[in-house]
Amino acid sequence: MQKKPFITKEQVEQITKTYPTPFHLYSEQGIRKNASDLKKAFSWNKGFKEYFAVKACPNPYILKIFQEYGFGTDCSSMTELMMSDALGFKGEDIMFSSNDTPAKEFKAAAKISATINLDDFTHIECLEKTLGHLPETLSLRFNPGGVFKMSNGIMDNPGDAKYGFTEQQLFEGYRILKEKGVKKFGIHSFLASNTVTNEYYPKLAGILCDIAVRLKEEVGVELSFINLSGGIGIPYRPEQEPNDIFAISRGVKKVFEEKLEPAGLGDMALYMESGRFMTGPYGCLVTQVLHLKHTYKEYVGCDACAVNLMRPAMYGAYHHITVLGKEDEECSFKYDVTGSLCENNDKFAIDRMLPEIKPGDYLVIHDTGAHGFAMGYNYNGKLKSSELLLKEDGQVQMIRRAETPRDYFATFDFSDVLDNVDYDLENL
Ligand SMILES: *Cc1c(COP(=O)(O)O)cnc(C)c1O
């Protein structure tokens, strides 16, 4: 199967007249279509809400698009809470699913009435001490431990993950919350990442529904929402079959009907905190080839590097690459596609079969719309790129400018020195 970029060589040549490479480009059309499908798919659940995982693509323009669909945000830190608040997301629109949480972040979340999702048993006491009381609504994060397996071979190891309460802690936790006057309860769990199967959410929903029924019977706590969190994946590889959000939704609906309705919990709201699935395929990194190097292998050196996209270096993640204008040429050349960091894992691809590449060619690195720009860093003094939005009308809007050396130096008490150096700092 071919993986087609959502832009052409001609479009990129046009864009680079104004915005130099490298840049991340997002497709508004793709993001909207997907958001609208998600909303449609889960419309059977009255309380359904997607809380977009801000960390996947922390850009206000993207969050504003999701706001139009009635989605909220899922925050993991102080700045993400601030961004959500500043954009007009209200208390019930904000989920705070953090871990190893500093007290001041609990305070900030409570101040804007975000729903706090506690990661650990000890955080109940910590939160109560920090606020002087517990909030009316609280959610707890469950980790069943062991190994989580699905019939199609996908598995993950919750037992090795740092997140969540054990089952025993969870039941004890809800007992304490009830005793301390919490009024509204939720449960959250995240057991497998980037699942490319329609089976994950239904299976997770089954586990959490069973807990909900037992909580009602054994503890007298009625949950108001089940939060399936993130984990719906995308097909990074061309041969992978994408998830079908409608099939996923039907699977969850069936589980809700079978398990919750007989227990008198039929009004349960379904929440999710999808990130990757929401923006991943609708962003790409566009980079220009600077050099070809021939030593023991063939290297393509481009003007982006791992600071622009860390996933290949960090996890050995596959990102498909298209050489613009050569979409239909045979992939008969084997390359390592690299950036310029002094770090040998700075490779977007290793031994990748591609058409013959020449300096000046533009490469599209696919599926960088989630956990792409967001994971950026400044190693080797590299600067973060711009982010551009390809709007539905075909216009391109810059939604974040590229960093300049002045940004890089801004955290030193160094600014007057910069004024004395003989560089055009905004324009290197
Ligand atoms: C990262 C994260 C998400 C989003 O995960 P995706 O795999 O991008 O969907 C949601 N919730 C929490 C708590 C997370 O840490």
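See the structure above.
Computed from a predicted structure; not experimentally measured.

Asker: I'm lost on the site of the ligand in this one. Help?
Answerer: With respect to spatial proximity, 15 residues lie near the ligand, and among them Lys55, Glu273, Gly275, Arg276 and His371 are the closest. Within the contact set of the ligand, an oxygen atom lies 2.7 Å away from a side-chain nitrogen or oxygen of lysine 55. Within the backbone of glycine 275, one N or O atom sits 2.9 Å away from an oxygen atom of the ligand. For the shell around the ligand, the class distribution of residues is two nonpolar, eight polar and five charged.

Asker: When you look at the environment of phenylalanine 171 in this model, what are you seeing that I'm missing?
Answerer: Relative to the helices and strands, phenylalanine 171 resides in helix α7 (residues 167-179). For phenylalanine 171 and leucine 87, which are 84 residues apart along the polypeptide, the C-alpha to C-alpha distance reads 36 Å. Among all residues touching phenylalanine 171, those that are not within four sequence positions of it are Ile211, Arg214, Leu215, Glu218 and Val219.

Asker: Looking at this structure, how should I read the packing of helix α8 (residues 200-219) against helix α9 (residues 245-260)?
Answerer: What describes two packed helices is the angle between their axes and the distance between those same axes. The interhelical angle for the contact between α8 and α9, taken along N-to-C directions, is 20 degrees, at an axis separation of 9 Å. Regarding the angle of α8 to α9, the classification is roughly parallel. Where α8 crosses over α9, the two elements pack in a sense that is right-handed. Residue-level contacts link Tyr201, Pro202, Ala205, Gly206, Cys209, Asp210, Ala212 and Val213 of α8 to Ile248, Gly251, Val252, Val255, Phe256, Lys259 and Leu260 of α9.

Asker: Explanation requested: the pairing of strand β19 (residues 396-400) in the structure shown.
Answerer: One face of the sheet, then the other: side chains in a regular strand alternate in exactly this way. As paired strands, strand β18 (residues 386-390) and β19 are joined by four bridges and run antiparallel to one another. If you follow leucine 389 over to β19, its bridge partner there is glutamine 397. In this antiparallel pair of consecutive strands, β18 and β19, the connection spans five residues, and glycine 394 shows a positive phi of 90 degrees.

Asker: Explain the sheet that holds strand β10 (residues 223-227) to me, please; I cannot follow it from the model alone.
Answerer: Strand pairing in a sheet takes place through backbone hydrogen bonds and is either antiparallel or parallel in direction. Pairing in this closed barrel of eight strands is parallel, and the strands run β2-β3-β4-β5-β6-β9-β10-β11 around the ring. Averaged over all neighbouring strand pairs, the angle between strand axes comes to 25 degrees, with direction disregarded. Sheet topology note: the strand β2 (residues 49-53)/strand β11 (residues 269-272) ladder contains two bridges and is parallel. Along β11, the bridge assignment pairs glutamate 50 with methionine 272. Where helix α4 (residues 78-86) meets the sheet, it contacts β3 (72-75) and β4 (94-97), and its direction lies at approximately 165 degrees from that of β3.

The rules behind each value
Residues numbered from 1 in each chain as written. Predicted model: local features only at pLDDT ≥ 70, side-chain atom pairs only at ≥ 80, totals over all residues. Heavy atoms only, no water. Near = heavy atom within 4 Å. Polar contact = N/O pair within 3.5 Å; in protein donor to acceptor, adjacent residues only side chain to side chain. Nonpolar A, V, L, I, M, F, W, Y, C, P; charged D, E, K, R; others polar. Helix = DSSP H or I, 4+ residues; strand = E, 2+ residues; numbered from the N terminus. Contact = heavy atoms within 4.5 Å. Axes fitted to C-alpha atoms, helices over the stretch in contact; angles between N-to-C directions. Parallel < 35°, antiparallel > 145°, perpendicular 65-115°, else oblique. Left-handed = near helix turned anticlockwise from the far one by under 90°. Pairing = 2+ DSSP bridges.

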